[in-house]
Each structure stands twice: as structure tokens, then as C-alpha cells.
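Geometric and topological summary
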Amino acid sequence: MSTALRLRDGAALIDTGHAGRAETIGVYLVPQRGDAGRAGRFDLVEVGAEVDLATVERAIAALGLEPGGVERVLVTHIHLDHAGAAGAWASRHGARVVVLRAGAEHLLDPSRLLKSARRVYGDALERTWGGMTPLPATSLEAVDDGDVIDVGGRQVRVVASPGHARHHAAFAWEGGEVYTGDAAGVRFAPWEVVRPAVPPPEVDLAAWDASFERLGALDASELRLTHFGAFDDVARHLAAARERTHAWADALLTWAQDGATRADALRLCDDLARAELEAAGADAATVRRYLATSDAAMSVAGLERYWRTQHPERWPGWKDEDA
Ligand SMILES: [Zn+2]
């Protein structure tokens, strides 16, 4: 089953259906301007995991397009749920891959990235995400912060936005749509709750604050989140994303200071997420979707690493970890 949602500018949000779950990881298809030479051509923002490649190809076919009509793939950062299939799109369909220069080496040679993912997922790595085909160097289009590139006849600005990941970029289309990757957190329509996207190993709240400022200054009319969907309450969303990201980080520090074990923290993080969703009136299926996307284990690990590496003077450790 593959589905796509039409957006206001003719773009489509493709559901990768990752891990059998509806609408948690998205791929955006942006048709090129309809002059004769470009009919049937399109660009993608994010590509999802390699394990979901066939689902995305089917969704593109269902939109009446050939996967080979792809020109560029723009990835916000190199995590497997965003860029896992980038090399495959280049080798199978001839796409050029646009990525922030500093992250490019991990697409050309994914071995370190996969090794670090292996530490988190163990034997479930391939089953969960598939492999990661190395990107041929000839297909790489490395970009820098502030670059303005022509994508399918429209101007697109590259906006470095570290915080979730060191080499994270948002892409600001000239029409006002800003593809935020994970820089603006996780949210599912029609809910207003923003879940922080704080997995290990690179969470950096000071850098993230600067990124929130930059995203806020773009005068965006719509934020397009990879997890999951398009939202036009831009200022409210960004304020909520920033506020909740700090609130969760502060909560984790408080739990540790109060003598929590890591197991306590996992439970408390889950409780915190549930309480936010219940306060918003979310139904059970929505709660499950939020909890499954960047789950408590990932969030605790990411925030713990942030405190431990960036503010070791404030981080007391978990009660049970010295034993
Ligand atoms: Zn992500």
C-alpha cells in the first residue's frame, strides 16, 4: 500500500509506510515547472530508508510519474530515515543528490554511519532500515549554507540548521514552503503537539536555538516536516518545538538530579509524552504514532548524551550507573 497526499503547490507527500506504520516517515515529491522540456520531471526532498525504496517507487507510479523522471534528491541530513536510499536513487534512477557539504562524505562512504547505527539497532539494522548504497561521487551535489540553487525552475535556499544533527539543512522554496527535516521536531496533523526529535549522538541545544532563530526569520508560509506533514501555523509551531525541546532536556536533567535510574527516565519520558498528548485530547492511535517516532529510548539516549558531553559539570549521571 502506498499513498501520497497532494499539497497546495502541487507537491505530494509520499508515505513510506515505514515498518508497517502509516504516516511516520515522509518523502516529498516536487514536480518541476510544466514547460515542455520538463514534463514528467520532478525532484524529491528526503528519500526515506533503502528498505522502503520500492514503496516510494510505487507511490510515484501511482502519481502517474516514472521514478526515472527524478532529477534531484535533496536530503536534510544523513540519518537513515532521511537519506538511507539516496545512493540507491542515484544508481538506479540517475538522481543527483543535494546534501550539505559537511555531511557528504557519509553518503559517499556510509560505513561509519552504518557502524554507528549498528550500535543502536544491532542485528535489526538491515531489517529495520535496509542497507545504504554508497553514493557515486559523480552524483553528488554538495551545497553550503546560504546557497541558492535552481530546483525544477524554482529558487531554493539552503539553510544550515544544526541541533538535531550537526550537518542538518532546511530547504526554503521561493514559494514560502520550508522543508525542515527534523529541525522543527515531529508532529502529526491535525494535532498541535510537537515532539522533540532528540536521538543520539549529536543533539546540541545551543546550536538548535540559533537554528530556530534562522528558521523563524525565513518568513515561511508552511513548514514541511519529514515526520510528518505540512503545517501553516509557522510561528506557533516553531515556538512550541523550541519550548518542548528545552522542556524535555531540562526534565531529563531534573530526573537525574533527583536520583532516577535510566529505567526510571525511560518511564518518565514516556509519561511526559503521554501527558502532553492526553492534554491535547489525542486518541490512542495518535498517541502510539507519536510514541513510536523517535521513541523514549532514543530521546533519553540523545538528551543524556547531550548533557554528558556538552555540560558534564551539570550532569550527575543515573543513580544506578556507578555500580
Ligand atoms: Zn528523522
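My aim in this report is to walk through the structure given alongside it, one point at a time. Counting of residues starts from 1 at the beginning of each chain's written sequence and follows it residue by residue. Given that this is a predicted model, residues contribute local features only at a pLDDT of at least 70 and side-chain atom pairs are listed and counted only at 80 or more, while totals for whole chains, interfaces and linings are drawn from all residues. Water and hydrogen atoms play no part in the side-chain values, which are based on all heavy atoms of the structure.

Quick look at the pattern of salt bridges now. Salt bridges are defined as contacts in which a side-chain nitrogen from Lys or Arg sits within 4 Å of a carboxyl oxygen from Asp or Glu. A complete count under the given rule lists 28 salt bridges for this structure. Ionic pairing is found between R236 and E192, a salt bridge with its closest N-O pair at 3.7 Å. Taken together, the residues R236 in helix α8 (residues 234-257) and E192 in the loop between β11 (177-181) and α7 (205-216) connect sequence positions 44 residues apart. Each residue gets one of three labels from its accessible area relative to the maximum for its type: buried under 20%, exposed over 50%, partly exposed in between, using a 1.4 Å probe on protein chains only. Residue class for R236 comes out partly exposed when judged on its relative accessible area of 31%. Between R262 and E304 there is a salt bridge, with its nearest N and O atoms 2.7 Å apart. Of this pair, R262 sits in helix α9 (residues 262-279) while E304 sits in helix α11 (residues 296-310), and the two are 42 residues apart along the sequence. It is possible to trace a salt-bridge network through shared partners that takes in R8, D9, E177, E222 and R224. Going along the chain from the N terminus, every DSSP run of H or I of four or more residues is numbered as a helix, and every run of E of two or more is numbered as a strand.

Strand pairing requires that DSSP identify at least two bridges connecting the strands. Pairing within the open sheet is mixed, and its six strands lie in the order β8-β9-β10-β11-β12-β13. Looking at strand neighbours, the two that pair on one side only are β8 (148-151) and β13 (229-231), the edges of this open sheet. Strand-to-strand twist of the sheet, defined as the mean angle between neighbouring strand axes without regard to direction, takes the value 25°. The strands touched by α8 are β12 (222-225) and β13; relative to β12, the strand with the most contacts, the crossing angle is about 45°. The axes are straight lines fitted to the C-alpha atoms, using for helices just the contacting stretch, and the angles between their N-to-C directions are given from 0 to 180°. Residue contacts are defined here by distance: any two heavy atoms, one from each residue, within 4.5 Å place the two residues in contact.

In this structure, D81 (OD), H82 (NE2), D182 (OD) and H227 (NE2) serve as the protein donors to the zinc ion, at separations of 2.1 to 2.3 Å. Bound by four donor atoms, the zinc ion shows angles of 85 to 162° at the metal and therefore irregular coordination geometry. In this listing, donors mean N, O and S atoms no farther than 2.8 Å from the metal, or 3.2 Å for Na, K and Ca; water is missing from the atoms, so a site can look incomplete. Of note, the zinc ion draws all its donor residues from one chain, in the sequence arrangement D-H-x99-D-x44-H. Of this pair, H82 sits in helix α2 (residues 80-83) while D182 sits in the loop between β11 and α7; the two residues are 100 residues apart in sequence, bridging distant segments of the chain. Each member of the pair, H82 as well as D182, is classed as buried. Here the metal geometry follows the donor angles, with tetrahedral for four donors whose angles all fall between 85 and 135 degrees, square planar for four and octahedral for six when opposite donors are more than 155 degrees apart and every other angle is between 65 and 115, and irregular for all the rest.

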